[in-house]
Amino acid sequence: MRLFRTTYRDREARVRQASKWYVEFRDHRDVTRRLPGFASRKATEELARNLERLIAFRSATGGQLDPALRKWLTDLPRSTATRLVEIGLVDAGDVAVSVALTEHRRDFVEALRVKGVTAKHVCLISTRLDRILDGCGFRYWSDISGSRVMRFLSDLRSDRKTDDGETVKGISPQTFNFYLQAVKQFCSWAARERRIDQSPVAVLRPLNVKIDRRHDRRALEPKELRTLIDTTNSGPKRFGMTGAERALLYRFASETGLRAGEIRSLRKRSFDLQGNPPTVTVEAAYSKRRRADTLPLRIDTAEMLRNEISSRTDDAPAFRLPSEHNMADMLRADLVDGGIECKDDAGRVVDFHALRHTFITNLARGGVHPKLAQDLARHSDINLTLSRYSHTVIGEQATALKALPDLSRAESTSRRKTGTDDSSISTLPTPARTPDLVLAFCLALFGGRGQNSVDSGGLKDAIGVPIATPLELGRSVENTCVCKAVFTHSARSSAGQSNGFLNRRS
């Protein structure tokens, strides 16, 4: 290992000496390396001594460092530490711990942008991440602790009182999970980039959002949706949109399931209204799943769109929507005009995204196959389509129970076979249920004993024609069964009279 300073020629061809010292050494693979040091010779000598120790540890332990060397790496310039990673003397995690989290966060945000995440979503993730890093006081990777993250988020869930004495509710479990997801995504990215060995928050688990839902949406009933569209169509101008424009917007959203941001991205060129069927295409840059989506349109809706946007240029927006902050206010005002509750007794709300819930729910109610509904909803997981977006009411669930088999029929058939079923008697007039009149009723009903006989072909009508009775009980074989049931019931109720009759029959 030696120290030296390089020379170079300036613009006037004069030989000059570099300001920095260099260290030449053989690494753990016996490869000669040169590493830039410092302007101070003593500082470069210190670098050389630590390099010798580092190579010795690398050769002896495979890379495990003692605390003194780890502290030394923390104080190294990033360029020097990166060079040591490149030649394999230290692991990326050993160097990353010496870099402030603010630098890693900046690289993480840039990686999200390169990946194609929208600017709005990048801002949302970075804001949540910053709140956790600042709230927990994390500065370096070694500071990050899963227990501290959970304590901080648990504190955010607690209610607090303002200076005015008002109680402010803490964050919901869903918001808790969003914050947790942000920090877990950051740490997972660092582990993939080999900046750390493993994520320090990988073991943390999200909360059950069902225990405290703050913003559950409901689907509009078909009658409510028709009322909304009809009243809006004749309503006043709001937020720069006429009533007819808003009515067409609500109709389009509830028949395609497109989100507000996706609808905002649509241009006239996005529609193929002459096709069979007519379609609308959402470009990949605006689709939530980051790929172009082409959806079919109803013929009548396509005709209304054709009349609305025919005079516009290809790059003109298909809908002149207000700002995203005013979308909810616009829909809420139209709901009030139609007499539709914006929030039901269960606390479920109707906002613009509820039109997407309405679209998927109507597909389910219409008997559309779940896989086809998933494709139209553009979901990667069918459970999301069926559980979160398909809403059913208790009446529909009760109706669905009618598809189950009638379990009472098997029992009734079994009892008939043993001659213990009394259901046939309930269909007879009240006098026929009286034991004293059973014989007279049966004789009058069937025209006496001789009218029914048994031959080798089974039970038949004695005169070969159907028996016409006041009860219209059908063929003689059915009448005979009813009569037997009456006899059996009479035998149980009045043993003396019925036993005598049955004995005579036998």
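The coordinates are above.
Residues numbered from 1 in each chain as written. Predicted model: local features only at pLDDT ≥ 70, side-chain atom pairs only at ≥ 80, totals over all residues. Heavy atoms only, no water.

*Asks:* I keep staring at the overall build of the protein chain and nothing clicks. Help me out?
*Replies:* What the protein chain contains, in helices and strands, is 22 helices and twelve strands. Split into buried and exposed, the 506 residues of the protein chain put 37% on the buried side. Long-range contacts, defined as pairs at least 24 residues apart, comprise 55% of the intrachain contacts of the protein chain with a sequence gap of at least 6. (Helix = DSSP H or I, 4+ residues; strand = E, 2+ residues; numbered from the N terminus. Buried < 20%, exposed > 50% of the residue type's maximum accessible area, 1.4 Å probe, protein only. Contact = heavy atoms within 4.5 Å.)

*Asks:* Looking at this structure, how should I read the environment of His 28?
*Replies:* Relative to the helices and strands, His 28 resides in the loop between strand S4 (22–26) and strand S5 (32–36). Remark: the alpha-carbon pair of His 28 and Ala 56, spanning 28 residues in sequence, is separated by 7.7 Å. Excluding its chain neighbours within four sequence positions, the residues that come into contact with His 28 are Ile 55, Arg 58, Ser 59, Ile 87, Gly 88 and Leu 89. Within the structure, His 28 has its side chain in polar contact with the side chain of Arg 29 (distance 3.5 Å). (Polar contact = N/O pair within 3.5 Å; in protein donor to acceptor, adjacent residues only side chain to side chain.)

*Asks:* Looking at this structure, how should I read the sheet that holds S5?
*Replies:* Sheet strands pair via backbone hydrogen bonds, and the direction of the pair is either parallel or antiparallel. An order of S1-S4-S5 is seen for the three strands of this open sheet, with the pairing classed as antiparallel. The sheet terminates laterally at strand S1 (2–4) and S5, the two strands that pair on one side only. Looking at each pair of strands side by side, their axes are set apart by 25° on average, direction ignored. Here S1 runs beside S4; their pairing, made up of three bridges, is antiparallel. Looking at the pairing, Phe 4 lines up with Tyr 22 of S4. (Pairing = 2+ DSSP bridges. Axes fitted to C-alpha atoms, helices over the stretch in contact; angles between N-to-C directions.)

*Asks:* Any chance you could explain the sheet that holds strand S9 (residues 279–282) here in plain terms?
*Replies:* Across the sheet, three strands lie side by side as S8-S9-S10; this open sheet has antiparallel pairing. If you trace the sheet from one side to the other, it starts and ends with strand S8 (271–272) and strand S10 (293–296), each paired once. Here two bridges tie S8 to S9, and the two strands are oriented antiparallel to one another. Bridging across to S9, Phe 271 finds its partner in Val 280.

*Asks:* I would appreciate a short explanation of the nonpolar core in the present structure.
*Replies:* Burial of nonpolar side chains together is a common tendency in soluble globular proteins. Leu 249, Phe 252, Ile 263, Phe 271, Phe 319 and Phe 352 are the most contacted members of the largest nonpolar core, which totals 36 residues. In terms of residue count, the dominant contributor to this core is helix H10 (residues 243–256) (six residues). Each residue touching Phe 252, except ones within four places of it in the same chain, is listed here: Leu 258, Ile 263, Leu 266, Phe 271, Val 280, Leu 297, Leu 305 and Phe 319. Core analysis: the next-biggest nonpolar cluster, separate from the first, contains 30 residues, Leu 112, Val 122, Phe 186 and Cys 187 among them. (Core = buried A, V, L, I, M, F, W, Y, C linked by side-chain atoms within 4.5 Å.)

*Asks:* Even after reading the chapter, I still don't get the packing of helix H6 (residues 119–136) against helix H8 (residues 173–192), so can you show me in this structure?
*Replies:* Put simply, H6 and H8 touch, their axes get as near as 9 Å, and they point 90° apart. Put simply, H6 runs roughly perpendicular to H8. For the pair H6 and H8, contact is made by Ile 125, Arg 128, Leu 129, Arg 131 and Ile 132 and by Phe 178, Tyr 179, Ala 182, Val 183, Gln 185 and Phe 186, respectively. For the contact of H6 with H8, a count of residues per class yields eight nonpolar, one polar and two charged. (Parallel < 35°, antiparallel > 145°, perpendicular 65-115°, else oblique. Nonpolar A, V, L, I, M, F, W, Y, C, P; charged D, E, K, R; others polar.)

*Asks:* Even after reading the chapter, I still don't get the side chain of Asp 27, so can you show me in this structure?
*Replies:* In this fold, Asp 27 is placed in the loop between S4 and S5. Side-chain polar atoms of Asp 27 contact the backbone nitrogen of Val 31, separated by 2.8 Å. Not counting residues within four places of it along the chain, the set of residues in contact with Asp 27 comprises Arg 33, Ile 55 and Ile 87.

*Asks:* I'm lost on the pattern of salt bridges in this one. Help?
*Replies:* Pairs can form between side chains of opposite charge once their charged atoms are near each other. Overall, the coordinates contain 31 salt bridges when judged by the stated rule. Across the pair Asp 10 and Arg 14 runs a salt bridge whose closest N-O atoms are separated by 3.3 Å. On the basis of relative accessibility, which here comes to 42%, the residue Arg 14 falls in the partly exposed class. A salt bridge links Asp 375 to Lys 371; the nearest nitrogen and oxygen atoms lie 3.9 Å apart. Of the two residues, Asp 375 and Lys 371 are both situated in helix H15 (residues 370–377); the distance of four residues between them amounts to about one turn of the helix. For Asp 375, a relative accessible area of 42% corresponds to the partly exposed category. (Salt bridge = Lys/Arg side-chain N within 4 Å of Asp/Glu carboxyl O.)

*Asks:* How should the packing of aromatic side chains be read in this particular structure?
*Replies:* Two aromatic rings are characterised by how far apart their centres lie and by the angle between their planes. On inspection of all chains with the given rule, the structure shows seven aromatic pairs. Taken together, a centroid distance of 5.8 Å and an interplanar angle of 20° make the contact between Phe 4 and Tyr 22 stacked. Taken together, the residues span a long stretch of sequence, with Phe 4 in strand S1 and Tyr 22 in strand S4 at a distance of 18 residues. Here Phe 108 and Trp 189 contribute two aromatic rings whose centre-to-centre distance is 5.5 Å and whose plane-to-plane angle is 55°, an arrangement assigned as tilted. Taken as a pair, Phe 108 in helix H5 (residues 101–115) and Trp 189 in helix H8 lie far apart in primary sequence, 81 residues in all. (Phe/Tyr/Trp six-rings, centres within 6.5 Å; stacked < 30°, edge-to-face > 60°.)

*Asks:* Could you clarify how one ought to interpret unusual backbone geometry in this entry?
*Replies:* Where the residue is not glycine, phi is negative for most of them; where a peptide bond is considered, it is trans in most cases. Look at the link from Asn 276 to Pro 277: it is a cis peptide, with omega at 5°. On the secondary structure map, Pro 277 appears in the loop between S8 and S9. Phi is positive for Ala 13, close to 65°, though the residue is something other than glycine. Counting through the fold element by element, Ala 13 comes out in the loop between strand S2 (7–9) and strand S3 (15–17). Ala 13 sits in the partly exposed class, given a relative accessible area of 47%. The backbone phi angle of Asp 30 is positive, close to 65°, even though this residue is not glycine. Here Asp 30 is to be found in the loop between S4 and S5. The class of Asp 30 is exposed, set by a relative accessible area of 52%.

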